[in-house]
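# Structural features, examined
As a plain string of letters, each chain reads:
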Amino acid sequence: MVVLTGMVVIVDGELASDLMGALHREELFAAFQPQIDLASGAIVAAEVLCRWLHPRHGLVDPDVFIPLSEEIGAIDAIGRFVLDEGLDAAETWQARGLPVEVAVNVSPVQLVTDEFVEHLTARLAQRAVAPGSLTLEITESRPLGDLDGIGEQLERLRRRGVGIALDDFGTGHASPAALERLPVTEVKLDRSLIHAVASEPPAHLVSALQTARHRDLRVVAEGIETQEHLDRARELGCDRAQGYLLGRPMPFGELDALMAS
Ligand code: G
Ligand code: G
Ligand code: MN
């Protein structure tokens with residue numbers, strides 16, 4: 001099988017074996033993308049996004065290496081790495097009295113066993129980070145599979161005070177069911193809904209948003225690239241916004257400097 005990543009064609013068996021050692025070779029790093037509070041305009045959170053700088057192929061798309069890592073059993077190690085990067089950032093900001101939260105993507109594959117919850121619990125105990133300042137983003141772009149099994153793990157995380165976001169909300173047909181059955185604290189509206197500026201939001205989305213508001217969930221708009229997108233996010237009643245207009249995914253130091261200015 002051949003995978004296209006930008007201009008490069010890579011045989012995927014080779015990519016898989018490269019990915020196995022990527023963490024130890026320190027080829028993986030975290031990028032941080034700011035989230036803005038729509039009322040105040042302040043940076044209130046950052047999403048941590050994993051990056052892989054391959055020595056020969058350059059940056060590999062996460063849409064390629066994340067699913068690959070799930071297949072080859074590397075997602076747990078990568079997930080722990082990204083979580084640590086997020087907790088480092090939150091700890092640094094909170095030590096300085098900056099109330100900035102972090103959001104970390106978690107693959108449903110990481111929630112198949114108890115390991116992730118146990119690891120996260122241990123990490124939180126070691127660190128000066130308020131659990132409420134960490135949100136885990138669960139994507140629904142791939143089928144969430146056994147909602148009950150995932151729900152159980154998410155309940156345990158909620159009991160520890162961690163926030164749970166439904167990522168890419170409004171794309172999959174699973175949205176309303178997942179919203180109903182999972183203990184979520186936030187929904188992240190997929191960028192396709194923000195980019196469809198000219199059209200009315202679909203009825204199922206409007207009703208899902210009403211449910212979200214009734215349950216007092218935070219609503220975050222993704223993919224804000226233009227002023228029009230920002231206006232759309234406000235019209236939809238979003239609390240927070242994220243996108244290239246407001247800040248691209250960037251190294252920690254860059255976001256840190258941006259917040260200081
Ligand atoms: O920047 P972007 O290309 O980072 O990310 C593409 C996709 O990869 C998104 O769906 C995003 O959620 C996912 N992704 C990025 N980083 C991580 C990560 O650390 N863990 C998981 N599970 N997914 C990630
Ligand atoms: O699926 P998830 O929301 O976790 O991934 C976020 C993805 O969206 C990342 O790939 C990130 O680089 C990308 N992204 C962030 N802001 C924008 C934006 O304004 N426009 C587009 N097209 N993508 C964005
Ligand atoms: Mn995300």
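Owing to the predicted nature of the structure, the values given are computational and were not obtained by experimental measurement.

### Quick word on the environment of glutamate 26
Within the secondary structure, glutamate 26 is located in the loop between α1 (12-22) and β3 (28-37). On a C-alpha basis, the gap between glutamate 26 and glutamate 115 in space is 23 Å, while along the polypeptide they are 89 residues apart.

### Overview of the site of ligand 1
All residues in the neighbourhood of ligand 1 are listed as Leu49, Cys50, Arg51, Pro62, Asp63, Ile66, Val82, Asn105 and Ser107. Take cysteine 50: an N or O atom from its main chain is 3.0 Å from a nitrogen atom of ligand 1. Within the side chain of arginine 51, a nitrogen or oxygen atom sits 2.7 Å from an oxygen atom of ligand 1. The fraction of the free accessible surface of ligand 1 (490 Å²) that becomes covered by protein chains is 80%. Partitioned by chemical class, the residues of the shell around ligand 1 number five nonpolar, two polar and two charged.

### Details of the packing of aromatic side chains
This model, assessed by the stated rule, comprises four aromatic pairs. Ring geometry for phenylalanine 32 versus phenylalanine 252: centroids 5.6 Å apart, planes at 70 degrees, classification edge-to-face. Placement of the pair is phenylalanine 32 in strand β3 and phenylalanine 252 in helix α10 (residues 252-260), with a sequence separation of 220 residues. Here phenylalanine 32 falls in the buried class, since its relative accessible area comes to 2%. Phenylalanine 252 gets classed as partly exposed once you look at its relative accessible area, which sits at 24%. An aromatic cluster of at least three residues, connected via ring pairs, comprises Phe32, Trp93 and Phe252. Taking NZ or CZ as reference, arginine 248 lies 3.9 Å from the ring centre of tyrosine 244, over its face.

### Focus: the coordination of the manganese ion (ligand 3)
Those protein atoms acting as donors to the manganese ion (ligand 3) are Glu47 (OE), Asn105 (OD1), Glu137 (OE) and Asp167 (OD), and they sit at 2.0 to 2.4 Å. Positions of the donor residues of the manganese ion (ligand 3), expressed as sequence spacing, correspond to E-x57-N-x31-E-x29-D. Highlighted residues: glutamate 137 in strand β7 (residues 134-139) and aspartate 167 in strand β8 (residues 163-169), separated in sequence by 30 residues. Of the two residues, glutamate 137 and aspartate 167, both sit in the buried class.

### Some thoughts on the side chain of histidine 54
Looking at the element boundaries, histidine 54 is found in strand β4 (residues 43-54). Looking at histidine 54, the relative accessible area reads 3%, which means it is buried. Here the side chain of histidine 54 touches aspartate 18 through a polar contact of 2.6 Å, side chain to side chain. Polar side-chain contacts of histidine 54 include one of 3.1 Å to the backbone nitrogen of histidine 57. Among all residues touching histidine 54, those that are not within four sequence positions of it are Leu15, Asp18 and Val60.

### A short note on the pattern of salt bridges
Per the stated rule, a full pass over the model turns up 16 salt bridges. Between glutamate 137 and lysine 188 there is a salt bridge; the shortest N-O distance is 2.8 Å. Of this pair, glutamate 137 sits in strand β7 while lysine 188 is found in strand β9 (residues 186-189), placing the two residues 51 residues apart along the sequence. For the pair shown, glutamate 137 and lysine 188 are each scored as buried. Salt bridges linked by common partners bring Asp84, Asp88, Glu91, Arg123 and Arg127 together as one network.

### Here's the deal with the pairing of strand β10 (residues 218-221)
Here β10 shows a buried face lined by Arg218 and Val220 and a second buried face lined by Val219 and Ala221. Relative to β10, β9 runs parallel, the two being bridged by four bridges. When the bridges of β10 are listed, glutamate 186 appears paired with arginine 218. Across two bridges, β10 lies against strand β11 (residues 240-241) in parallel orientation. Looking at β11, one finds that alanine 221 is bridged to alanine 241. At this point the chain moves from β10, through helix α9 (residues 227-235), to the parallel β11, and the crossover so formed is right-handed.

### Remarks on the packing of helix α3 (residues 75-95) against helix α4 (residues 115-126)
How two helices pack is summed up by the angle between their axes together with the distance between the axes. Packing of α3 against α4 brings their axes to within 12 Å, and their N-to-C directions diverge by 25 degrees. One element, α3, and the other, α4, form an angle in the roughly parallel class. The chirality of how α3 crosses α4 is right-handed. Note on element contacts: α4 touches α3 through Glu115, Phe116, His119, Leu120, Arg123 and Leu124, opposite Arg80, Leu83, Asp84 and Leu87. Of the residues contributing to the contact of α3 with α4, the split by class is five nonpolar, one polar and four charged.

How each quantity is defined
- Residues numbered from 1 in each chain as written.
- Chains lettered and ligands numbered in written order.
- Predicted model: local features only at pLDDT ≥ 70, side-chain atom pairs only at ≥ 80, totals over all residues.
- Heavy atoms only, no water.
- Helix = DSSP H or I, 4+ residues; strand = E, 2+ residues; numbered from the N terminus.
- Near = heavy atom within 4 Å.
- Polar contact = N/O pair within 3.5 Å; in protein donor to acceptor, adjacent residues only side chain to side chain.
- Areas by Shrake-Rupley, 256 points an atom, 1.4 Å probe, with all protein chains shown as cover.
- Nonpolar A, V, L, I, M, F, W, Y, C, P; charged D, E, K, R; others polar.
- Phe/Tyr/Trp six-rings, centres within 6.5 Å; stacked < 30°, edge-to-face > 60°.
- Buried < 20%, exposed > 50% of the residue type's maximum accessible area, 1.4 Å probe, protein only.
- Lys NZ or Arg CZ within 6 Å of the ring centre and 35° of its normal.
- Donors = N, O, S within 2.8 Å, 3.2 Å for Na, K, Ca; no water.
- Contact = heavy atoms within 4.5 Å.
- Salt bridge = Lys/Arg side-chain N within 4 Å of Asp/Glu carboxyl O.
- Pairing = 2+ DSSP bridges.
- Right-handed = clockwise from strand over helix to strand, strands pointing away.
- Axes fitted to C-alpha atoms, helices over the stretch in contact; angles between N-to-C directions.
- Parallel < 35°, antiparallel > 145°, perpendicular 65-115°, else oblique.
- Left-handed = near helix turned anticlockwise from the far one by under 90°.

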